[in-house]
Amino acid sequence: MKRTIFILNLLANLALRGAGINDYYKVENIPAPKGLDVQIGGLTFLPDGRLAACFHRGEVYTYNSKTKQWKLFADGLHEPLGIVAEDDKTLVVMQRPELTRLRDTDGDGKADHYQTISDDFGMTGNYHEFAFGPTRDKEGNYYVGLNLASSGASIRPEIRGEFRHYGISREQFYKNHKAGSGRMYSAAPYRGWIMKITPEGKTTPFAPGFRSPNGLGFDPAGRLWATDNQGDWLGTSKLFHVKQDAFHGHPASLAWTDSWKKGRNPLKVPPAEFDAKRTRAAVLFPQGSMANSPTQMITDISGGKFGPFAGQLLVGEMNRARIMRILLDEVAGETQGACLPFIDNGGLHRGMHRFAFAPNGSLWAGQTHLSWVGGNGLQRIRWTGKIPMGITAMKLTQAGFKLSFTKPLAKVTAENFVFQRYYYKYHQSYGSPQLGKKPIKVTNLKLTSDGKSVSINLEKLNPGYVYQLNLKNIIATDKTPVLNTLICYTLNRLTNGDGKAPHLIVSNSSKPRPAKSAANVVQAKPDTLKGINQIFEAEDAGRKGPSLAKNNGGYTGKGFVDFQAGSDEHLNWIIQTKNAGECSLSFRYALAGSRRPLQLKVNGKVISKALPFISTGSWTSWNTLTAIATIKVGANDIRLESTGASGPNIDNLTITRNP
Amino acid sequence: MIRVLPLAFVAFTLTAAPLKIAIGTLPGLQYDKPRFAVDSGQEVVLTFNNGDEMAHNLAIVAPGKRLEIVQSALTLPPDSNYIPKNNAVLWHTPVLKPDESADLKFTAPKEKGIYPYVCTFPGHGLIMYGAMYVGIKMPMLAQDQNVSPMARAQNADKKLHTWPHRRPLMYRIFMPDASPAAIAVALPHGVSYCWDAGTCHLRYAWIGGFVDPMPVWKANGNGLAKIIGTKFWAGTKSFPLHKLNPFDLRPRFQGYRKINGHPEFHYTIADIDVYERIASLPSGMGLTRHFRIPDVNCPLRITIGPGNTKVSKGQINHGVATLTTNEAKSFTITHHHAHEK
């Protein structure tokens, strides 16, 4: 009897879950030519229907999906990260040093004229100065995004353009860039800006305040959008409606505005001054649950050939196999809105970097990683014709939200809608934990007569918060369960226009509040590496934040170390040795949930920005993750740091000398 | 009687037939055989066939002496076959033109060891070499530090693109001793150069291989491409063309056209278009810069870097070439390797 009930339950569950993403969307891998490093920087379709793609090692290929023929169009470009077709023989690419027009003037199918449209911006040679875009407005003007430099490296001995950095000379900065650079810096003209470039090459700085604007795109209404990546001054990743001359939040680029006083260091300016000036992002992507590195934004221009979400914005994500949808909402004359996972897994790769809609309405997606978390390859995604159950709109009302779905809802109660809210700090530190986190009660529900929309009243609505909604057991009248259950709405303004959110900023002058984990500051017990292979327990390491724990079995020594909050925690071993050399550093860890990368530093040098601790399956399954680093004679500081997300449980570190 | 003769013949060949080794060339300064093994004291006939587009030789040298020989060959005149008078050179062919071949007959040394063979033509020997193993077991090729890096990499199947080795080839990539907007170009005949789109001029040139781009490509760009070969010319750090009148302006890069795969760079100073195309000398010992300035409206001064340089028109005084307005419309500058006349 028990067994029968179990089987019935199982069948019911299967019926409920039966509809997976591949019932609605099929993902297909497109084979690339042998020998090509398939890290894709840009994708576009030519008017004649061929695909054009640019790649990490500087090649541009076209692909005919009917004949499956790849053809080399251009090569030798420097990290191209975007491509637009002017006609069947003319492509425009953004590469590190310039915006370039590739022209096939003799009709042999290969570019013979590489015409510089604009190189009217600076480059210090810092690796993080990526150049993104282009995207094009209706008049044919191009917009490109210039990434800031990273304090992970200095500038090069020779740079292009003027050097400017708070009164420090270029030579001084070259020698010691850590002296006051902040995490991300703008030491050459217009780093951190979105630039406007006419087809003839006239170049104007368009909007400052960006950190890493990887995804630029226009929507059908002619609005320019850009994604930006979590980090310093970005508590979490964002989608901005880009406005000319408006300040978009990261202060480093302000050094290149006319009004900025020469030599003034943004790191010494009270954040309240920036907060008063800044444009808030229309949509925040909560770090961890939604996206860690959002990529290109593309509008679904398929006119319904790609399913029921035509006209919506889609955004890719680097760190997981995910494409998101954006639901915009006009509130008191400003645009804000929500993001939700759209296609998760189902054969998608990680590193969803670039997109293009084919004339037949299929979505082509190219991946990259550049040695960070991501993937490689080219994929085609096709709609099967079956309508998934999903949210089509989330609109703010006076008392809550109105949600609309693709299909009528079976029946709804308050238990189906679980709301919470939180906010991210605006400050110069890297990332932000979710603060002010609080469940929000549903006070009233009303289904519209067609059953496709529901108005939800909430106990509290305040500007400056992300309202996260988890759908529980939502089913359409035709029994299909809702495809994705998470949606996050960025409430910048109420319907009455109130947008006051003083809690978002943290003054430089105020003393930092002692963290919850302040008691957990422990100095490392120095140890000595004697052999060629030695284990060092985490419980003997120094730590700020993580606590010592024993509650999950399988550890070595006296216990393990449990990371607590999101950022600014660390675990550090002090290891002395008489011999310098290359070593393998193997961290034994356990992790039940999804990936929790930590930054690895050895003697202050970043070895890995995001050492990829992936799930071990449970908190009692221990695996090792190995990194290679060089240690010096004397005391070595081997340090794992959290940078925005929590870390795994760490049991020990094994150091092995490499031959 | 009839049956005895073949037996006698077999016995003769078993004792006296030397080991035959045939070595050819691959594009990109490589022998087609990265290494071979012989026994101590074995008779060897090595046939070196130069199937390449440029001149090469093959010298077998004492263990560990390759770089020393390559260095001392750099300063030799062409009629020396680039073979220094040094006991470490055990056997060598003369310099062979394309499609010539030569045999080396020798008895392998009694002393076990790894004997490099190398092309001592200036610049080639840094990457064009292999290893003769005498009485020693060879390690896995991908790990063999005695063969050229390219042979190792090829064995590890590290193809950089979908196409095989080819010249001309160009990369816009981070280069040493240039601005971040650098361009590296590999020309035929083993000549390569770095042209800087940030400053709009030729920075330096080298002979040998091209570049290893992997320090830049393997990750996110935090590295420099590595030059494979020997620099034979380096120019000034700043832009070398000076308009005498009215005054100097910053050159602006406009891009390039590819002519048979060779870029012709284009930049403007004020509104004057300047075009520069660079070709290698067939000897592989230098390059010629072809300038066109069709609308030039004043005489030109050009700072010529150090080294063996010729200008097709005008006068050179104290390292500065002076051209009249008419001469400046079209002229060439040739940078020779120091030992090429």
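Parameters at a glance
- Residues numbered from 1 in each chain as written.
- Chains lettered and ligands numbered in written order.
- Predicted model: local features only at pLDDT ≥ 70, side-chain atom pairs only at ≥ 80, totals over all residues.
- Helix = DSSP H or I, 4+ residues; strand = E, 2+ residues; numbered from the N terminus.
- Rg over C-alpha atoms; globule rule 2.2 N^0.38 Å.
- Buried ≥ 20, exposed ≤ 12 C-beta atoms within 10 Å, placed from the backbone.
- Contact = placed C-beta atoms within 7 Å.
- Pairing = 2+ DSSP bridges.
- Nonpolar A, V, L, I, M, F, W, Y, C, P; charged D, E, K, R; others polar.
- Domains from an automatic or database assignment.
- Core = buried A, V, L, I, M, F, W, Y, C linked by C-beta atoms within 7 Å.
- Axes fitted to C-alpha atoms, helices over the stretch in contact; angles between N-to-C directions.

### Some words on the overall build of chain A
Part 1: For chain A, the count of helices and strands is three helices and 47 strands.
Part 2: At 26 Å, chain A has a C-alpha radius of gyration in line with the 26 Å of a compact globule built from 659 residues.
Part 3: The 659 residues of chain A split such that 49% are buried.
Part 4: The long-range share in chain A, meaning contacts at least 24 apart out of those at least 6 apart in sequence, stands at 65%.

### A closer look at the overall build of chain B
Part 1: The number of helices and strands found in chain B is four helices and 25 strands.
Part 2: Over its C-alpha atoms, taken along the principal directions, chain B stretches across nearly 95 × 45 × 35 Å.
Part 3: A buried classification covers 42% of the 341 residues belonging to chain B.
Part 4: Of the contacts made within chain B by residues no fewer than 6 positions apart, 57% connect residues no fewer than 24 positions apart.

### Details of the pairing of strand S22 (residues 322-331) of chain A
Residue and element names in this part refer to chain A.
Part 1: Burial analysis of S22 places nine of its 10 residues in the buried class, the great majority of the element.
Part 2: The sheet contact formed by strand S21 (residues 313-317) and S22 spans five bridges and is antiparallel. In the strand pairing of S22, Val315 is matched with Met324.
Part 3: Linking S21 back to S22 in an antiparallel pair, the connection comprises four residues.
Part 4: Summarising the sheet, S22 and strand S23 (residues 334-344) pair through 10 bridges and their orientation is antiparallel. Bridge pairing in S23 links Met324 to Pro341.
Part 5: If you look at the hairpin formed by S22 and S23, you'll find two residues sitting between the two strands, and Ala332 has a positive phi there, around 50°.

### Quick notes on the interface of chain A and chain B
Part 1: The interface of chain A with chain B comprises 33 residues on the first partner and 26 residues on the second.
Part 2: With four residues, the top contributor of residues to the side of chain A that touches chain B is strand S9 (residues 113-118) of chain A.
Part 3: When the residues that make up the side of chain A that touches chain B are grouped by side-chain class, the tally is 11 nonpolar, 13 polar and nine charged.
Part 4: Direction of pairing for S9(A) relative to strand S17 (residues 252-259) of chain B: antiparallel, over a ladder of three bridges. Residue pairing in the sheet places A:Tyr114 in a bridge with B:Tyr256 of S17(B).

### Observations regarding the domain arrangement of chain B
Accessible area lost when the parts come together is the quantity often used to give the size of an interface.
Residues and elements named next belong to chain B.
Part 1: Segmenting chain B into domains produces domain 1 (4-155) and domain 2 (169-336).
Part 2: The partner domain 2 presents 10 residues to the nine residues of domain 1 that form the contact.
Part 3: Across the side of domain 1 that touches domain 2, the residue classes tally to five nonpolar, three polar and one charged.

### Details of the nonpolar core
Part 1: Core analysis: the largest hydrophobic core is formed by 219 residues, its most contacted members being A:Val60, A:Val144, A:Ile194, A:Met195, A:Met324 and B:Ala184.
Part 2: At seven residues, the largest contribution of residues to this core is made by strand S14 (residues 201-212) of chain B.
Part 3: In this structure, this core is formed jointly by two domains, domain 1 (4-155) and domain 2 (169-336) of chain B, each of which donates at least three residues.
Part 4: Discounting chain neighbours no more than four positions away, the residues touching A:Val60 are A:Ala52, A:Cys54, A:Phe73, A:Ala74, A:Leu77, A:Leu91, A:Val93 and A:Leu102.
Part 5: With 29 residues, the next largest nonpolar core counts A:Ala541, A:Ile575, A:Leu591 and A:Ile638 among its residues.

### Some thoughts on the sheet that holds strand S25 (residues 330-336) of chain B
Part 1: Taking strand neighbours across the sheet as the criterion, the 10 strands line up as S6(A)-S7(A)-S8(A)-S9(A)-S17(B)-S18(B)-S19(B)-S20(B)-S25(B)-S22(B) in an open arrangement whose pairing is antiparallel. Looking at strand neighbours, the two that pair on one side only are strand S6 (83-87) of chain A together with strand S22 (308-311) of chain B, the edges of this open sheet. Neighbour-to-neighbour, the strand axes of the sheet open up by a mean angle of 20°, direction not taken into account.
Part 2: Relative to S25(B), strand S20 (residues 286-292) of chain B runs antiparallel, the two sharing seven bridges. Residue pairing for S25(B): B:Arg292 is matched across the bridge by B:Ser330.

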